[in-house]
Amino acid sequence: MFQRFLHSLRQGLNIWTGMPLALFMLVFVILQGVVMASHSPLSYPPDEMPHLSYINDSIRSPQALPNYSDGKIMGFTQANYLGHPPLYYSALGVAGKLFALHPKTDYLIFRLIGVGFVGLGLAFVVLMARELRLTQGITALLLFACAGVPMFSYIAGSVSNDTLLYLGMTMGFYGLARMANPARNGPDALAPVVLLVGLLIVFLTKATGIVFMILLLGAWGMRNFRRIHPVVLVRSYWPHLAVFSVVVGGYYVYTLLQHGGVFPSPGRLYGSTPPAEPLDLAGYVREYVGSMWRRLHGIMSHLSITPIGDRWQPVFYTMVCLPIVGWLVVRFSTPLLTSNRMAVRLFDAMALATLGTVVVHVVFGYRAYLVNGVLSGLQPRYYMYLLPVLWFPFFVLCQPGWFKQTVTTLFAASALVVFWASAPQVLLKQHQALQELPRNIGYADRNGLEAMSVRLPRRLTTEGNVETLTLANGELRAKGWVYDTTLGDQAQRLWILAGDEFVSSVPVLIKRDDVAAALGTQRALNTGFAFTARRLPTTLKPCDVRLLAEYRDGSVGPLKNDLCPQ
């Protein structure tokens, strides 16, 4: 047994050392996820706090399960609205128990575990590519293209069950690829085991993955209908089917009896507020397609950004769509199509499963929209598990020749352009977006502090505008812009005064394209401000608030509020 283990270990090492370029790119994409995990602010990735809250429930639970009955989002009184199966939360909850981790203070560790899940998933992608006879150069190119999709590394570096789902889906793809490999003579004991583990992960992690896998296996069975003998199939794989049925069936029967549903959640994100003038199904489909297309090149989160500039977005869409269009051409062109019919059937099944999952997504999304009136769930990240397998069919099925060489060259060129237009910009755009968020200020009691008088050089005129200023129940909200026309520069900071008393100051950094256009200079681009000051004296009135711009020469200038006489 030990000798067999050593033989398998040596064989595995030989496989990876024989693909240095693919291995390098695999590590590169993993490190990209580590960078995003290290630099994205806590709670800004999609649903990160609800995910962390379920992990916290799992850590505290003797059964290592989320609190589907009355779980709350950490730091809020709101009930957790996620209704996902528990494997991701239970796995990270066990890790939290073993290493005494707290989801909020040790969120980076939980993010890095997610990066590990995605990294393992990418390793199975590389093995799948090897199984389908892709060269390591093409495999490395496909991984590199993933690095140019902004949301891929962002989700990989966040606390999200999408990371574990990615691992489960790619294990399933690899298992099916081994089964579809005509070069494997005789029974393959590893393929059904990998497929089984992948299916267990998917069916206990997320509903969208479950839908895709059911449709994929159904479509694959239909495409191989003449080759499948049910009796032989059951006889060959009955232990795997039994394990799957007991584990998955046992969980869902328990959940149904315990919570009254197979996907329970303590609360709902949206209430029942039907739209006054609802879209018809065709209108909803148009909105779905348009939103998914527009959001494909950006990062959709609680701090959404668009790293890829407008001029490079057509190149991004070219990169994404070119292999798909190439596959459609090859699929219906006999001279270009490979003779590997098993691979053809496998990718046909994947295409049918993808279309079927989109249809299910639209139907359930439209039903939810008619109930709550919100166009929710229109996010491309739900299909992240298709990268880079989405691009495999063309490179696997197309015969060598001028057409394949041309598409490959264009794809490589566009991937290179997209990467340099995207990856170096992500952290910069995220930092800018953070700077542009309204500042939250807490006014503290000044009792026991001595006031001091200061002489400040004051300008007679100030170029700027207070666009909104509201004060209610001691909470002040203000927004506007200010520009130093004397020095031709942006103001340093904005001082907030309550009468003659200094409250706080905020930077003037928010991007204002309209101000720059109106003043005719790009120097006036980052001249906006927005802030919220809480716990102010309730006796304070809006016209008691004064805003002073601090300039780089040490002078200050009052900003005029049109609602209050000067």
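Predicted, not measured: the structure shown is a model, and the values here were computed from it. (Residues numbered from 1 in each chain as written. Predicted model: local features only at pLDDT ≥ 70, side-chain atom pairs only at ≥ 80, totals over all residues. Heavy atoms only, no water.)

Further remarks concern the overall build of the chain. Scanning the chain from terminus to terminus reveals 17 helices and ten strands. Over its C-alpha atoms, taken along the principal directions, the chain stretches across nearly 90 × 60 × 55 Å. Taking all 566 residues of the chain together, 49% fall into the buried category. The long-range share in the chain, meaning contacts at least 24 apart out of those at least 6 apart in sequence, stands at 76%. Total accessible area on the chain stands at roughly 28,300 Å², and carbon and sulfur atoms take up 62% of it. Averaging the coordinates of the 45 positive side-chain charges in the chain and doing the same for the 29 negative ones gives two points 14 Å apart. (Helix = DSSP H or I, 4+ residues; strand = E, 2+ residues; numbered from the N terminus. Buried < 20%, exposed > 50% of the residue type's maximum accessible area, 1.4 Å probe, protein only. Contact = heavy atoms within 4.5 Å. Areas by Shrake-Rupley, 256 points an atom, 1.4 Å probe, with all protein chains shown as cover. Lys, Arg positive; Asp, Glu negative; His and termini not counted. Charge placed at Lys NZ, Arg CZ, Asp CG, Glu CD.)

A few words on empty space enclosed by the protein. Scanning the model with the defined rule gives two cavities of 30 Å³ or more in all. Each pocket or cavity is described by its volume, and for the largest cavity that value is around 50 Å³. Val29, Ile30, Gly33, Val115, Val118, Gly119, Leu122, Phe152, Ser153 and Ala156 are the residues that line the largest cavity. Of all the secondary-structure elements, those providing two or more residues to the lining of the largest cavity are helix H2 (20–39), helix H5 (107–131) and helix H7 (150–156). Broken down by element, the residue count for the lining of the largest cavity peaks at four residues, all from H5. When grouped by side-chain class, the residues that make up the lining of the largest cavity number seven nonpolar, three polar and no charged. In this structure, the second largest cavity encloses a volume near 30 Å³. (1 Å grid on protein atoms, 1.4 Å probe; cavity = no way out; pocket = protein on both sides within 12 Å on 5 of 7 lines; lining within 4 Å. Points joined across faces, edges and corners; volume = space filled by probe spheres on them. Nonpolar A, V, L, I, M, F, W, Y, C, P; charged D, E, K, R; others polar.)

This next bit is on the layout of surface pockets. Approximately 1,700 Å³ is the volume attributed to the largest pocket. Around the largest pocket, the lining is made up of 45 residues, and of these Tyr81, His84, Ser376, Gly377 and Tyr382 lie nearest the centre. Every element with two or more residues in the lining of the largest pocket is listed here: helix H8 (161–179), helix H10 (207–223) and helix H14 (341–372). With nine residues, the top contributor of residues to the lining of the largest pocket is H14. Considering only residue class, the lining of the largest pocket consists of 19 nonpolar, 19 polar and seven charged.

On to the packing of H8 against H10. Between H8 and H10, the least distance of the axes is 11 Å, while the angle of their chain directions is 10 degrees. In terms of their interaxial angle, H8 and H10 are classed as roughly parallel. Counted together, Leu165, Met169, Gly172, Phe173, Leu176 and Met179 of H8 and Thr208, Gly209, Phe212, Met213, Leu216, Leu217 and Trp220 of H10 form the full contact between these two elements. (Axes fitted to C-alpha atoms, helices over the stretch in contact; angles between N-to-C directions. Parallel < 35°, antiparallel > 145°, perpendicular 65-115°, else oblique.)

Below, the discussion takes up the pairing of strand E8 (residues 526–534). Most of E8 is tucked away, with seven of its nine residues classed as buried. One ladder, built from six bridges, connects strand E3 (residues 475–484) with E8; its direction is antiparallel. Within the sheet, the bridge partner assigned to Gly480 lies in E8 and is Phe529. The pairing of strand E7 (residues 510–511) with E8 spans two bridges and is antiparallel. Within E8, the residue paired with Ile510 across the bridge is Gly528. (Pairing = 2+ DSSP bridges.)

Next up on the list: H2. Taking 1.5 Å of rise per residue, the 20 residues of H2 would be expected to cover 28 Å, and the 29 Å separating its terminal C-alpha atoms lies within 8% of that figure. Of the residues making up H2, those classed as buried are Ala22, Met25, Leu26, Val29, Gln32, Gly33, Met36 and Ala37. Seen from one end, H2 has its buried residues packed into an arc of 140 degrees, which puts them on one side. (Expected span 1.5 Å × (residues − 1). Arc of directions from axis to C-beta.)

This part takes up the packing of aromatic side chains. A complete count under the given rule lists 26 aromatic pairs for this structure. Judged by centre distance (5.1 Å) and plane angle (65 degrees), the ring pair of Tyr54 and Tyr89 falls under edge-to-face. Of the two residues, Tyr54 sits in helix H3 (residues 48–60) while Tyr89 sits in helix H4 (residues 87–99), which places them 35 residues apart along the sequence. We note that Tyr54, like Tyr89, is buried. Ring geometry for Phe173 versus Phe212: centroids 6.0 Å apart, planes at 75 degrees, classification edge-to-face. Within this pair, whereas Phe173 is found in helix H8, its partner Phe212 is found in helix H10, the two being separated by 39 residues in sequence. (Phe/Tyr/Trp six-rings, centres within 6.5 Å; stacked < 30°, edge-to-face > 60°.)

With that settled, the discussion passes to the nonpolar core. Looking at soluble globular proteins, one finds that nonpolar side chains tend to be buried together. With 127 residues, the main nonpolar core has Met128, Phe152, Met319, Trp391 and Phe392 as its most contacted residues. Excluding anything up to four places from it in sequence, Met128 contacts Phe173, Tyr174, Ala177, Phe347, Met350, Val389 and Phe392. Of all hydrophobic cores here, the second largest spans 24 residues; its members include Ala498, Val508, Leu540 and Leu547. (Core = buried A, V, L, I, M, F, W, Y, C linked by side-chain atoms within 4.5 Å.)

With respect to the secondary-structure elements, Thr139 resides in helix H6 (residues 136–147). Setting aside anything within four residues of it in sequence, one finds Thr139 in contact with Ala22, Val126, Ala129 and Leu134.

Turning our attention to the pattern of salt bridges. Within this structure, the stated rule accounts for 16 salt bridges. Residue Arg459 pairs with Asp484 through a salt bridge whose shortest N-O separation is 2.6 Å. Of the two residues, Arg459 sits in the loop between strand E1 (439–442) and strand E2 (463–472) while Asp484 sits in strand E3, which places them 25 residues apart along the sequence. There is no split in this pair, since Arg459 and Asp484 are both buried. One salt bridge in this structure joins Glu475 and Arg534, with 3.2 Å as the shortest N-O distance. Here the residue Glu475 occupies a position in strand E3, and Arg534 occupies one in strand E8, the gap between them amounting to 59 residues. Arg534 gets classed as partly exposed once you look at its relative accessible area, which sits at 31%. Through salt bridges that share partners, Asp47, Asp162, Lys206 and Arg381 make up one connected network. (Salt bridge = Lys/Arg side-chain N within 4 Å of Asp/Glu carboxyl O.)

Another aspect to go through is the sheet that holds strand E9 (residues 545–550). Taken together, the four strands give an open sheet; going across it, the order is E6-E5-E9-E10, and neighbouring strands pair in antiparallel fashion. Unpaired on one side and paired on the other, strand E6 (501–507) and strand E10 (556–558) mark the two borders of the sheet. Between one strand and the next, the sheet's axes are offset by a mean angle of 30 degrees, whatever the strand orientation. Where strand E5 (residues 493–498) lies against E6, six bridges are found, and the strand directions are antiparallel. Within E6, the position partnered with Trp495 by the bridge is Ser505.

We now examine a nonpolar patch on the surface. A surface patch of nonpolar side chains, amounting to about 230 Å² of accessible area, comprises Leu23, Val27 and Leu31. Relative to the elements of secondary structure, Leu23 occurs in helix H2. Classification of Leu23 as partly exposed rests on a relative accessible area of 32%. (Patch = residues over 30% accessible without salt bridge, like charges linked within 9 Å, V, L, I, M, F, W, Y side chains within 5 Å.)

An ideal rise of 1.5 Å per residue puts 16 Å on twelve residues; H6 measures up with 17 Å between its terminal C-alpha atoms. By the burial criterion, the buried members of H6 are Ile138, Thr139, Ala140, Leu141, Leu142, Leu143, Phe144, Ala145, Cys146 and Ala147. Close packing links the buried residues of H6 with H2, H5, H7, helix H13 (313–331), helix H15 (392–397) and helix H16 (402–435).

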